[in-house]
Amino acid sequence: MLKRVSVVERVYNSQPVQIILALVIYAVYASVLGAALAPSAWLLSAAIRPLALAGWALTPGRVAVVAGAAGASVFLYFIWGSMVMAGLIRLLTLGLKPGKYPKASVTTLRWLIQSGIHCLAMRSILPYIPVSYFSNLYFKIVGAKIGKNVYINTNLVSDAYFLTLEDGVILGGDSEVTCHLMEREHLILSPIRIGKGSLIGTGAYISPGVDVGERCTVGARCYIRRGVRIPDGSVLTVLSGLPARQVHEMERVKA
């Protein structure tokens, strides 16, 4: 029996439509990047203008001014750019709910656009402002629920509008927390909660729908599969090279 293909899917699978859609999305990303860079570009041009009026005659003072403006413009991009991108992501995800969505849907398109904007921040801003007020502020603007004394030492946090980090949570370096996955041509969105005082170790991977209890330790390089609930006080580690029976005895989760 042949599977019926909807009109939306037929349009989505059309190569010309995909090319046009890709170009439109790239234009959106370019516009976002331009808006994020605008104050920095103005500051740098204001510093260079006197040098140009002087016929590009270099003096130590003029070089120092331009160099200082260049450094300040980078700093300004980190702050202003993160706020612009976070704000746009928040707007694009208003009303977005956990669930399963076909790849050819408005919801998936919205998710794709916001995900691309987040990638701009993830590659050009977030790696340079980890474990800081501004990093936490970025994720709060996006929509994450973040408690007190939370330390985010990773930029690999996706779909933060479905993320809850309670008081005292630490996300270790290069740990990955993602509230989405693509499965059988569907986008699946599912919230993640990490309870009070829990530690997510370096390089650990937290899948969609995971609920980590309070005072838990998820060790370095651990993989927590989709939808798992980890009881309070659990300690999970990766113990390669040991017999499976021994690992089971050592790593039994205690409620």
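This report concerns the structure included in the present document. Predicted model only: the values in this text are computed from it and were never measured.

**Looking at the overall build of the protein**
Thought 1: A count of helical and extended segments in the protein gives six helices and 17 strands.
Thought 2: Among the 255 residues that make up the protein, the fraction classed as buried is 37%.
Thought 3: Sequence-distant contacts in the protein: of pairs separated by 6 or more residues, those separated by 24 or more amount to 43%.
Thought 4: As displayed, the protein has an accessible area near 14,400 Å², and 63% of this comes from carbon and sulfur atoms.

**Observations regarding the packing of aromatic side chains**
Thought 1: Per the counting criterion, the structure on display carries six aromatic pairs.
Thought 2: Judged by centre distance (5.1 Å) and plane angle (85°), the ring pair of Y138 and F139 falls under edge-to-face. Considered together, Y138 and F139 belong to a single accessibility category, that of buried residues.
Thought 3: Both rings, one in Y205 and one in Y223, keep their centres 5.5 Å apart while their planes meet at 20°; by these two values the pair is stacked. With Y205 in strand β12 (residues 205-206) and Y223 in strand β15 (residues 223-224), the pair connects residues that are 18 residues apart, well separated along the chain.
Thought 4: The partly exposed category is assigned to Y205, whose relative accessible area is 25%.
Thought 5: The exposure class assigned to Y223 is exposed, which follows from its relative accessible area of 56%.
Thought 6: An aromatic cluster of three or more residues is present, and its members are Y77, F78 and Y128.

**A few points about the nonpolar core**
Thought 1: In this structure, F139, L165 and L171 are the most contacted members of the largest nonpolar core, which totals 50 residues.
Thought 2: Looking at this core, the elements that each hand over two or more residues are α2 (15-53), α3 (60-92), α4 (106-124), α5 (133-142), β5 (163-165), β9 (186-189) and β10 (192-194).
Thought 3: Top contributing element to this core by residue count: α3, with five residues.
Thought 4: Those residues in contact with F139 that lie beyond four places of it in its chain are H118, L126, A144, I146, I152, V157 and A160.

**Section: α3**
Thought 1: Compared with an ideal rise of 1.5 Å per residue, which puts 33 residues at 48 Å, α3 spans 47 Å between its outermost C-alpha atoms and is within 8% of the ideal.
Thought 2: All of the buried residues in α3 are V66, A69, S73, Y77, F78, I79, G81, S82, V84, M85, A86 and I89.

**So, the sheet that holds strand β2 (residues 145-146)**
Thought 1: Taken together, five strands build an open sheet; the order of strands is β2-β5-β10-β13-β16 and the sheet is parallel. Strands with a single pairing partner mark the edges of an open sheet, and in this sheet they are β2 and β16 (229-230).
Thought 2: Bridge count for β2 against β5 is two bridges, and the pairing is parallel. Each bridged residue has a counterpart across the sheet, and for K145 the counterpart in β5 is T164.

**Considering the packing of α2 against α3**
Thought 1: Interhelical geometry of α2 versus α3 gives an angle of 165° and a closest axis separation of 7 Å. The angle between α2 and α3 falls in the class roughly antiparallel. The handedness of the crossing between α2 and α3 is right-handed.
Thought 2: The class makeup of the residues in the contact of α2 with α3 is 22 nonpolar, three polar and one charged.

**A word on the layout of surface pockets**
Thought 1: Here the second largest pocket defines a volume of roughly 230 Å³.
Thought 2: Along the wall of the second largest pocket there are 20 residues; nearest its centre are H118, V157, S158, T178 and H180.
Thought 3: The set of elements that each furnish at least two residues to the lining of the second largest pocket consists of α4, α5, β4 (157-158) and β7 (176-178).
Thought 4: It is α4 that contributes the most residues to the lining of the second largest pocket, six residues altogether.
Thought 5: For the lining of the second largest pocket, the class distribution of residues is twelve nonpolar, six polar and two charged.

**Brief notes about the sheet that holds strand β17 (residues 235-236)**
Consider a sheet: its strands pair through backbone hydrogen bonds, and that pairing is either parallel or antiparallel.
Thought 1: Across the sheet, five strands lie side by side as β3-β6-β11-β14-β17; this open sheet has parallel pairing. Each edge of the open sheet carries a strand with a single partner, namely β3 (151-152) and β17.

**With respect to the environment of L37**
Thought 1: Among the structural elements, L37 can be located in helix α2.
Thought 2: L37 sits in the partly exposed class, given a relative accessible area of 37%.
Thought 3: For the pair L37 and S73, spaced 36 residues apart in the sequence, the C-alpha separation amounts to 8.6 Å.

Reading the values: the criteria
Residues numbered from 1 in each chain as written. Predicted model: local features only at pLDDT ≥ 70, side-chain atom pairs only at ≥ 80, totals over all residues. Heavy atoms only, no water. Helix = DSSP H or I, 4+ residues; strand = E, 2+ residues; numbered from the N terminus. Buried < 20%, exposed > 50% of the residue type's maximum accessible area, 1.4 Å probe, protein only. Contact = heavy atoms within 4.5 Å. Areas by Shrake-Rupley, 256 points an atom, 1.4 Å probe, with all protein chains shown as cover. Phe/Tyr/Trp six-rings, centres within 6.5 Å; stacked < 30°, edge-to-face > 60°. Core = buried A, V, L, I, M, F, W, Y, C linked by side-chain atoms within 4.5 Å. Expected span 1.5 Å × (residues − 1). Pairing = 2+ DSSP bridges. Axes fitted to C-alpha atoms, helices over the stretch in contact; angles between N-to-C directions. Parallel < 35°, antiparallel > 145°, perpendicular 65-115°, else oblique. Left-handed = near helix turned anticlockwise from the far one by under 90°. Nonpolar A, V, L, I, M, F, W, Y, C, P; charged D, E, K, R; others polar. 1 Å grid on protein atoms, 1.4 Å probe; cavity = no way out; pocket = protein on both sides within 12 Å on 5 of 7 lines; lining within 4 Å. Points joined across faces, edges and corners; volume = space filled by probe spheres on them.

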